[in-house]
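The primary structure of each chain is shown beneath.
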Amino acid sequence: SNAVVEDLLKKIPGIEVDEAGNLRALGEDVTNVRVDGKEFFGKDPKVATKNLPAEAVNKVQVYDRKSDLAEFTGVDDGVRERTINLMLNEDHKRGYFGNVSAGYGTQNRYGAEARIYRFSEKLQSAILGMANNINNFGYSEKNEKQWGNQVKGENSSLAGGLNLSYNTRGTNRYFMSYLGSSNKKELEETISTNNFLQEGNYYQQSLVQEEERSTPHMVNFGIRHKFNEKHNLILDGDLRISTIDVNSTHLANSGFEDSLVNTLSNITDSESGLVDFSSSGSYVAKFNQDKTQFQLQADGYYFKDNSLLNWQDSITLYGPDSLSLYVQFRDDKNDRAGLTVSPGVLHRITQFWYVATGLELGSYTQSLKRQQQIEREGLVTLDTVFPSFSTHQLSMGPTLSLTRNSKLSQIEFTLKGIWNQFDKVLAGSS
């Protein structure tokens, strides 16, 4: 009663579930969990295993899944994903199901969750929601409990998720999912240590106060469209947007016997913002009684990371008295982008032998902008605006390959040429 799929998998021989919810099946890591053969909340298997009710599952399949491209072309590319497919029972395909729970306790502790599902032959939908201040993190939060890592402070989270998958005729399907949360961590920690030595005891007392706010968001989408038996389109995309703000204060006193030796005061403020997007797609057209195929593949990415750090250290020594002050400011802006396009033609010579020719075109850019200020003891100040630095790369690579594919083996001989242009630009000069 009230068990989720993760509880079910823990009881199946050959399947391992670790402390963080990561899966291994028959000795290999599980990279994909599907529901009735369809994608469910992108590429994070834990979203399905930690939220779907176990009673909805009729069978659990474990298999090595070929890529969607290999399934259509019939040419094995050697790619395998250890996959768990959760086959639902018929009772849970006839309407909506889910659960809602809420609780309130002493010291103003609260927790609430809601899960609503709708599965049918054409439509898969799921809505998730949660709010709590008992250290249960949002669905897209990466610093959830990990083996050997202690969760500190009071963590409150507000999170939600949406999954939609629509199937039309045949194998055509269109899917998207969103996971997002807003998390706040408040920590007040005191540590007192005593070290007893032959010449006396050495002690240290410290106080840490920290507040952290994070707002991660993840979007996943995909298209599997088979125009007819000769033409097929595959498209996948992932978008991750997050911000993290941390304010912390650390005070420490160290002494020997009854005498205070030094005092350390550290104040740190940091802000970071991240945008990470990647997409891949392929189009395949078959000709000449499926013996000849035209393939067009494209991959692109964009990455942006802005970080701001304010850091101050104050160290006081006693006997004789002295004060040292260190202040640092740093602002970094990183950008990366790339696009690869690969058209090619593949021809089947015999039942197992294929010859392919293609061209890989690529364009990649990267840039770094940095500002920094360092002050020491109020006397030395280094205020620097670093010159902007960027790189731009263009590449072109024709390929010719001969491949033998069978159920038991795959052998490939490849001849490839590469033309590459790489520019580095510093302060506007190449």
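This is a predicted model, so every value here is computed, not measured. (Residues numbered from 1 in each chain as written. Predicted model: local features only at pLDDT ≥ 70, side-chain atom pairs only at ≥ 80, totals over all residues. Heavy atoms only, no water.)

1. Points about the pattern of salt bridges
Logical step 1: Under the counting rule described, the total for this entry stands at 26 salt bridges.
Logical step 2: A salt bridge links Glu-210 to Lys-185, with the nearest nitrogen and oxygen atoms 3.2 Å apart. Note that Glu-210 is positioned in strand β12 (residues 200-214) and Lys-185 in strand β11 (residues 173-197), a separation of 25 residues in sequence.
Logical step 3: One salt bridge in this structure joins Arg-224 and Asp-236, with 3.0 Å as the shortest N-O distance. Placement of the pair is Arg-224 in strand β13 (residues 217-226) and Asp-236 in strand β14 (residues 231-256), with a sequence separation of 12 residues.
Logical step 4: Using a relative accessible area of 9% as the deciding quantity, one classes Arg-224 as buried. (Salt bridge = Lys/Arg side-chain N within 4 Å of Asp/Glu carboxyl O. Helix = DSSP H or I, 4+ residues; strand = E, 2+ residues; numbered from the N terminus. Buried < 20%, exposed > 50% of the residue type's maximum accessible area, 1.4 Å probe, protein only.)

2. Description of the sheet that holds strand β4 (residues 32-35)
Logical step 1: Read from one edge of the open sheet, three strands run β4-β6-β5, paired in mixed fashion. Each end of this open sheet is capped by a strand with a single partner; those strands are β4 and β5 (57-65). Sheet twist, expressed as the mean angle between neighbouring strand axes with direction ignored, is 20 degrees.
Logical step 2: Relative to strand β6 (residues 81-88), β5 is paired through eight bridges, and the arrangement is antiparallel. Bridged to Gln-61 within β6 is Asn-85. (Pairing = 2+ DSSP bridges. Axes fitted to C-alpha atoms, helices over the stretch in contact; angles between N-to-C directions.)

3. Some points on the nonpolar core
Logical step 1: Within the largest apolar cluster, 25 residues are counted, with the highest numbers of intra-cluster contacts made by Phe-40, Leu-52, Ile-84, Tyr-117 and Phe-119.
Logical step 2: Elements represented by at least two residues in this core include exactly α1 (5-9), β1 (15-17), β2 (23-25), β4, α2 (45-49), β6, β8 (110-119) and β9 (123-132).
Logical step 3: For this core, the element with the highest residue contribution is β6, accounting for three residues. (Core = buried A, V, L, I, M, F, W, Y, C linked by side-chain atoms within 4.5 Å.)

4. Some words on the side chain of Ser-314
Logical step 1: Positionally, Ser-314 belongs in strand β16 (residues 292-317).
Logical step 2: Apart from residues lying up to four places away in sequence, Ser-314 is in contact with Thr-263, Leu-264, Ser-265, Leu-323, Ser-324 and Leu-325. (Contact = heavy atoms within 4.5 Å.)

5. Focus on the pairing of strand β21 (residues 410-416)
Logical step 1: In this sheet, β21 lies alongside strand β20 (residues 389-405) in antiparallel orientation, the contact comprising seven bridges. In the sheet register, Thr-399 faces β21, and the bridge partner there is Lys-416.

6. Comments concerning the packing of aromatic side chains
Logical step 1: For the coordinates displayed, the defined rule picks out five aromatic pairs.
Logical step 2: Judged by centre distance (5.0 Å) and plane angle (85 degrees), the rings of Phe-40 and Phe-41 are edge-to-face.
Logical step 3: Classification of Phe-40 as buried rests on a relative accessible area of 1%.
Logical step 4: Arranged with centres 6.1 Å apart and planes meeting at 15 degrees, the rings of Tyr-117 and Phe-119 form a pair that is stacked.
Logical step 5: Taking the relative accessible area as the measure of exposure, Tyr-117 reaches 1% and is therefore buried.
Logical step 6: Phe-119 gets classed as buried once you look at its relative accessible area, which sits at 1%.
Logical step 7: An aromatic cluster of at least three residues, connected via ring pairs, comprises Phe-40, Phe-41, Phe-97, Tyr-117 and Phe-119.
Logical step 8: When the ring centre of Phe-303 is taken as origin, the NZ or CZ atom of Arg-336, which lies over that ring, is 4.2 Å away.
Logical step 9: Geometry around Phe-386 places Arg-370 over its ring, the cationic atom sitting 5.9 Å from the centre. (Phe/Tyr/Trp six-rings, centres within 6.5 Å; stacked < 30°, edge-to-face > 60°. Lys NZ or Arg CZ within 6 Å of the ring centre and 35° of its normal.)

7. Comments concerning the layout of surface pockets
Logical step 1: Looking at the second largest pocket, its volume works out to about 780 Å³.
Logical step 2: In terms of lining, the second largest pocket is formed by 33 residues, of which the most central are Gln-295, Gln-297, Ala-356, Ser-401 and Glu-412.
Logical step 3: For the lining of the second largest pocket, the secondary structure elements donating two or more residues are α3 (68-73), β16, β17 (322-348), β18 (353-376), β20 and β21. (1 Å grid on protein atoms, 1.4 Å probe; cavity = no way out; pocket = protein on both sides within 12 Å on 5 of 7 lines; lining within 4 Å. Points joined across faces, edges and corners; volume = space filled by probe spheres on them.)

8. Things to note about the environment of Ala-126
Logical step 1: Residue position: Ala-126 is located in strand β9.
Logical step 2: When its relative accessible area of 1% is taken as the criterion, Ala-126 is described as buried.
Logical step 3: A sequence separation of 37 residues divides Ala-126 from Asn-163, and the C-alpha atoms of the two residues are 5.1 Å apart.
Logical step 4: Once you skip the residues sitting within four places of it in the chain, Ala-126 turns out to touch Phe-40, Phe-41, Ile-116, Tyr-117, Gly-161, Leu-162 and Asn-163.

9. Details of unusual backbone geometry
Logical step 1: Gly-319 connects to Pro-320 through a cis peptide bond whose omega is -5 degrees.
Logical step 2: Residues other than glycine seldom take positive phi values, yet Gln-289 does so here, at roughly 55 degrees.
Logical step 3: Mapped onto the fold, Gln-289 is located in the loop between β15 (259-287) and β16.
Logical step 4: Since its relative accessible area comes to 67%, Gln-289 is described here as exposed.

10. Here's the deal with the pairing of β6
Logical step 1: Most of β6 sits inside the fold, with six of its eight residues counted as buried.
Logical step 2: Pairing of β4 with β6 involves four bridges; the strand directions are parallel. Bridge pairing in β6 places Arg-34 opposite Asn-85.

11. Considerations on the confidence of the model for the chain
Logical step 1: Within the chain, residue pLDDT values average 89, and 95% of them lie at 70 or more.
Logical step 2: Low pLDDT, under 50, characterises residues 143-147; the stretch is placed with 10 contacts to residues that sit more than four places away or in other chains. (pLDDT = per-residue confidence, 0-100.)

12. Structural notes on the environment of Ala-114
Logical step 1: Inspection of the secondary structure assignment puts Ala-114 in strand β8.
Logical step 2: By relative accessible area, Ala-114 is classed as partly exposed at 28%.
Logical step 3: Between the alpha carbons of Ala-114 and Gly-98 there is a distance of 7.6 Å; along the sequence they are 16 residues apart.
Logical step 4: The contact partners of Ala-114, leaving out residues within four places of it in the chain, are Asn-99, Val-100, Ile-127, Leu-128 and Gly-129.

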